[in-house]
Amino acid sequence: EVGARAPDTDCQDRLARVLSTLGFVYGHLGRNAEAAASLRQALALWDQLGGDGAETTSALLAACAARRELANRQWELGSDLEEQRMYEENRSRLERALGAGGGPPDLRLELLVNLAELGRMYDHAANRLDSVRCWRRGYDLGRRLIDEMPDSGRAVYHLAMCGRELVARRPGEIGADVVGR
């Protein structure tokens, strides 16, 4: 009878985290198909929480990490398009969660990471317009974020990555202060 009832949101989030961790472990063991299955189960639970309006910032960040790991497993299994789709889904969910008001720095940092990686994927696919769009957006976001999180190595790295790629693709488009940061 207990199994017939829907788990409360806290239990559902914890179960999703366990499944996600299991997916990471399977992935590191090279068991990509099992990793992908476990990560998909975790994401389905988090999607359910989000659909019910019960998704927390912590759950959204965990789901983004799981989606990135699933993208890596999909790439290992030979699906570049699925990898890109996972990152696009992260970008879309993060932008919705952030809205126009800015949102928590951790969510904006996650968006910066996703934009930098999407730019790389688009560049690899010879889609210059979308790669520059992602790097420009990531650069602008990273510039604002670095003031709030000056000790964040991830923020500094992904800001530098976006700036470097923009300078390489569009010399003169961004100021000389990119090099100085």
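To be clear, the structure that these remarks concern was listed above.
Below is a summary of the structure that appears in this document. These numbers come from a predicted model, not from an experiment.

Looking at the overall build of the protein
So, step 1. A tally of helices and strands in the protein yields eight helices and zero strands.
So, step 2. Ordered by position in the sequence, the α and β elements of the protein form the string α-α-α-α-α-α-α-α.
So, step 3. The burial tally for the protein puts 44% of its 181 residues in the buried class.
So, step 4. For the protein, restricting intrachain contacts to residue pairs at least 6 apart in sequence, the fraction spanning at least 24 positions comes to 62%.
So, step 5. Total accessible area on the protein is roughly 9,600 Å²; 53% of this is exposed by carbon and sulfur atoms.

Let's talk about the state of the cysteines
So, step 1. What the rule picks out here adds up to zero disulfides.
So, step 2. C134 takes part in no disulfide bond, and the closest cysteine sulfur to it belongs to C162, at a distance of 8.5 Å.
So, step 3. Taking the relative accessible area as the measure of exposure, C134 reaches 1% and is therefore buried.

Overview of helix 6 (residues 128–148)
So, step 1. For helix 6, spanning 21 residues, the distance from its first C-alpha to its last is 30 Å, which sits close to the expected 30 Å at 1.5 Å a residue.
So, step 2. Buried within helix 6 we find S131, V132, C134, W135, G138, Y139, L141, G142, L145 and I146.

Details of the environment of V132
So, step 1. Structurally, the position occupied by V132 is in helix 6.
So, step 2. Taking relative accessible area as the criterion, V132 reaches 9% and is therefore assigned buried.
So, step 3. For the pair formed by V132 and C162, sequence separation is 30 residues and the distance between their alpha carbons is 8.8 Å.

Some details on the pattern of salt bridges
So, step 1. Inspection of every chain in the model, using the stated rule, returns 22 salt bridges.
So, step 2. With a shortest N-O distance of 3.6 Å, R67 and D47 are connected by a salt bridge. With R67 in helix 3 (residues 57–76) and D47 in helix 2 (residues 32–51), this residue pair connects regions lying 20 residues apart in the sequence.
So, step 3. Judged by its relative accessible area of 2%, R67 falls in the buried class.
So, step 4. Residue classification places D47 among the partly exposed positions, given a relative accessible area of 30%.
So, step 5. Look at the salt bridges and you will find they share partners, linking D47, R67, E82, R85, E89 and R93 into a network.

What about the side chain of H158?
So, step 1. Among the structural elements, H158 can be located in helix 7 (residues 153–169).
So, step 2. Overall, H158 belongs to the buried group, its relative accessible area being 9%.
So, step 3. There is a polar contact of 2.9 Å between the side chain of H158 and the backbone oxygen of R154.
So, step 4. If we skip the residues at most four places from it in the chain, H158 touches L112, V113, A116 and E117.

A look at the packing of helix 3 against helix 4 (residues 80–98)
So, step 1. Close contact between helix 3 and helix 4 brings their axes to 7 Å; oriented N to C, the two are set at 165 degrees. Overall, the two elements helix 3 and helix 4 adopt an arrangement that is roughly antiparallel. For the pair helix 3 and helix 4, the crossing hand works out as left-handed. From helix 3, L60, A63, C64, R67, R68, L70, A71, N72, Q74 and W75 reach across to helix 4, where they touch D80, E82, E83, M86, Y87, E89, N90, R93, L94 and A97.
So, step 2. For the contact of helix 3 with helix 4, the per-class residue count stands at 10 nonpolar, three polar and seven charged.

Thoughts on the nonpolar core
So, step 1. Core analysis: the biggest nonpolar cluster contains 44 residues, and W46 and L109 have the highest contact counts within it.
So, step 2. When contributions to this core are tallied by element, the ones reaching two or more residues are helix 1 (9–28), helix 2, helix 3, helix 4, helix 5 (105–124), helix 6 and helix 7.
So, step 3. The biggest single contributor to this core is helix 5, with 10 residues.

Criteria and thresholds
- Residues numbered from 1 in each chain as written.
- Predicted model: local features only at pLDDT ≥ 70, side-chain atom pairs only at ≥ 80, totals over all residues.
- Heavy atoms only, no water.
- Helix = DSSP H or I, 4+ residues; strand = E, 2+ residues; numbered from the N terminus.
- Buried < 20%, exposed > 50% of the residue type's maximum accessible area, 1.4 Å probe, protein only.
- Contact = heavy atoms within 4.5 Å.
- Areas by Shrake-Rupley, 256 points an atom, 1.4 Å probe, with all protein chains shown as cover.
- Disulfide = S-S within 2.5 Å.
- Expected span 1.5 Å × (residues − 1).
- Salt bridge = Lys/Arg side-chain N within 4 Å of Asp/Glu carboxyl O.
- Polar contact = N/O pair within 3.5 Å; in protein donor to acceptor, adjacent residues only side chain to side chain.
- Axes fitted to C-alpha atoms, helices over the stretch in contact; angles between N-to-C directions.
- Parallel < 35°, antiparallel > 145°, perpendicular 65-115°, else oblique.
- Left-handed = near helix turned anticlockwise from the far one by under 90°.
- Nonpolar A, V, L, I, M, F, W, Y, C, P; charged D, E, K, R; others polar.
- Core = buried A, V, L, I, M, F, W, Y, C linked by side-chain atoms within 4.5 Å.

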